[in-house]
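# Secondary and tertiary structure notes
What follows is each chain in one-letter form.
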Amino acid sequence: MSLEHAPERRRAYFTSFTLSGTQAGQILATAIFLPVAALPQDQLLTWGWRVPFWCSALVVAVGFVIRRKLDETPVFERTEVAKLPVAVLFRDHWADVLRVIVAATIASVSTIFTVYALSYAVNTIGLARTPMLWVGVLANVVALAAIPLLAGLADRVGRKPVFVAGCLACGVLIFPYLWSISIGSYALLFVLGILLFGVAYSGVNGVWPSLYGEMFGARVRLSGMAIGTQIGFAVAGFAPSVVAAIGSGKADWLGVAIFTAAVCLVAAGAAATARETYRVPTSQLGGKGTATPKPSTVVASTVDG
């Protein structure tokens, strides 16, 4: 919806704020968990871990109220919605759905950063949990500024250059970041963690809402983005398990880094094959020309003419 409400040539910037909200949420979530993580082990495992879930009830209520009050976008209102959007989606846009699925696996970087790296640092290397949580907090604070800045850049130079550069930067930075954890250098892991997740990954996060959404027309945009991203995110969520399955145990940071870099390369390749859409008018997105108007709109236009 933010994409279709955004001004022309500023769609990436406006849609990037949906991800800024995600980063702010991660900051709040980590801030809430910091005192919880400081609880004695028996209290943490019995009731402490439930506190963040109790807090989520407020988020659900706020989200419900906001969604109930939102108006549909002008582009959607002028479009004849398909009776079976999913059927139209896979008939006409199956390649774009596949492209989004593969590109969305770049979320493996987030999974490795927030799950594997924390476990590796605390359980294998023996680093303190609290500093590692603070790495995530500070990286997300930096991301709050980096995401809209990089999205604004994508409105000037294109979606693909910024997204692909972000993927490749993540693939490079994952090596020194995990290495810094392996040697127990807090100074290095703070700097590299912020560069990796706060800056490089923001090049991906700031652009993917516009890059993915602009692959589809208004008739199937929601279905295309929802199906593509959720499958890609689901695959990314299993990244730590995949790492273990291919023989890279928690102590093998190099194997994990190689796997993550390979995912970054594949995601970058998928994005590179997409159409560049930053100069395409919103009504013409989806590769099918202008949006299909509703019959009532066609009749009204004919009468007025």
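### So, the overall build of the chain
The secondary structure content of the chain amounts to 16 helices and zero strands. Burial statistics for the chain: of 305 residues in total, 45% are counted as buried. Taking contacts inside the chain between residues at least 6 apart in sequence as the whole, the part at least 24 apart equals 82%. In the form shown here, the chain has an accessible surface area of approximately 14,700 Å², with 70% of it arising from carbon and sulfur atoms.

### Looking at the confidence of the model for the chain
Residues of the chain with pLDDT of at least 70 account for 84%, and the chain-wide mean is 83. Per-element confidence in the chain ranges from a low mean pLDDT of 40 for helix α16 (residues 295–304) to a high of 97 for helix α10 (residues 159–182). A low-confidence stretch, residues 288–305 (pLDDT under 50), is modelled with 22 contacts involving residues beyond four sequence positions or located in other chains.

### Some words on a nonpolar patch on the surface
A contiguous nonpolar patch, built from Val-86, Phe-90, Trp-94 and Leu-98 and spanning about 410 Å² of accessible area, is present on the exposed surface. Elements with a contribution of two residues or more to the nonpolar patch: α6 (85–92) and α7 (94–104). Here Trp-94 lies in helix α7.

### Examining the nonpolar core
Ile-106, Phe-163, Tyr-177, Leu-178, Ile-181 and Tyr-212 are the most contacted members of the largest nonpolar core, which has 65 residues in total. Ile-181 has contacts with Ala-117, Tyr-120, Ala-121, Ile-125, Leu-127, Met-132 and Leu-189, leaving out every residue within four places of it along the chain.

### Points about the pattern of salt bridges
Taken as a whole and assessed by the stated rule, the structure comprises seven salt bridges. Linking Arg-91 and Asp-92 is a salt bridge whose minimum nitrogen-to-oxygen distance equals 3.0 Å. Judged by relative accessible area, Arg-91 falls into the exposed class, the value being 56%. Accessibility expressed as a relative area gives 31% for Asp-92, which makes it partly exposed. Notably, a salt bridge pairs Asp-155 with Arg-159, separated by 2.8 Å at the nearest N-O pair. Residue Asp-155 shares its accessibility class with Arg-159, and that shared class is buried. One continuous salt-bridge network, built from bridges that share partners, spans Glu-8, Arg-11, Asp-155, Arg-159 and Glu-214.

### Here we look at the environment of Gly-206
Residue placement: Gly-206 occurs in the loop between α11 (186–205) and α12 (208–213). For the pair Gly-206 and Leu-149, spaced 57 residues apart in sequence, the C-alpha separation works out to 8.1 Å.

### Focus: the environment of Val-204
Mapping Val-204 onto the fold places it in helix α11. When the C-alpha atoms of Val-204 and Ile-147 are compared, they prove to be 8.5 Å apart, with 57 residues separating the residues in sequence. Not counting chain neighbours up to four residues away, the residues in contact with Val-204 comprise Ile-106, Phe-163, Gly-166 and Cys-167.

### Describing the environment of Phe-197
Its place among the elements puts Phe-197 in helix α11. Separated by 57 residues in sequence, Phe-197 and Asn-140 have C-alpha atoms that sit 7.4 Å apart. Among all residues touching Phe-197, those that are not within four sequence positions of it are Gln-23, Gln-26, Ser-110, Phe-113, Ala-139, Asn-140, Ala-143 and Ser-202.

### Side note on unusual backbone geometry
Residues other than glycine seldom take positive phi values, yet Arg-9 does so here, at roughly 65 degrees. When you line up the elements, Arg-9 lands in the loop between α1 (2–5) and α2 (11–37).

### A closer look at the state of the cysteines
Here the structure, examined in full by the defined rule, presents zero disulfides. Looking at Cys-167, it has no disulfide partner, and the nearest cysteine sulfur is the one in Cys-264, 6.2 Å off. No disulfide involves Cys-170; its sulfur sits 5.3 Å from the nearest other cysteine sulfur, which is in Cys-264. Classification of Cys-170 by relative accessible area gives buried; the value is 1%.

So, how was this worked out
Position numbers for residues count from 1 along each chain, tracking the sequence in the order it is written. The predicted nature of this model means local features are confined to residues of pLDDT at least 70 and side-chain atom pairs, given and counted, to a pLDDT of 80 or more, with totals for whole chains, interfaces and linings taken over all residues. Only hydrogens and water are set aside when side-chain values are computed; all heavy atoms of the structure are taken into account. Counting from the N terminus, the helices are the DSSP runs of H or I reaching at least four residues and the strands are the DSSP runs of E reaching at least two. Exposure classes here rest on a 1.4 Å probe applied to the protein chains alone. A residue is buried below 20% of its type maximum, exposed above 50%, and partly exposed in between. Whether two residues touch is decided by their heavy atoms; if any such pair falls within 4.5 Å, the residues are in contact. In short, Shrake-Rupley with a 1.4 Å probe defines the accessible areas, and a residue's cover is counted only from the protein chains shown. The pLDDT value expresses, per residue, how confident the predictor is, ranging between 0 and 100. Patches in this entry comprise residues that are over 30% relatively accessible and not in a salt bridge; like charges within 9 Å are linked, as are nonpolar side chains (Val, Leu, Ile, Met, Phe, Trp, Tyr) within 5 Å. Here, a salt bridge means any Lys or Arg side-chain nitrogen found within 4 Å of an Asp or Glu carboxyl oxygen. Grouping buried Ala, Val, Leu, Ile, Met, Phe, Trp, Tyr and Cys residues that are joined through side-chain atoms within 4.5 Å yields what is termed a nonpolar core. Here, a disulfide means two cysteine sulfur atoms that sit within 2.5 Å of each other.

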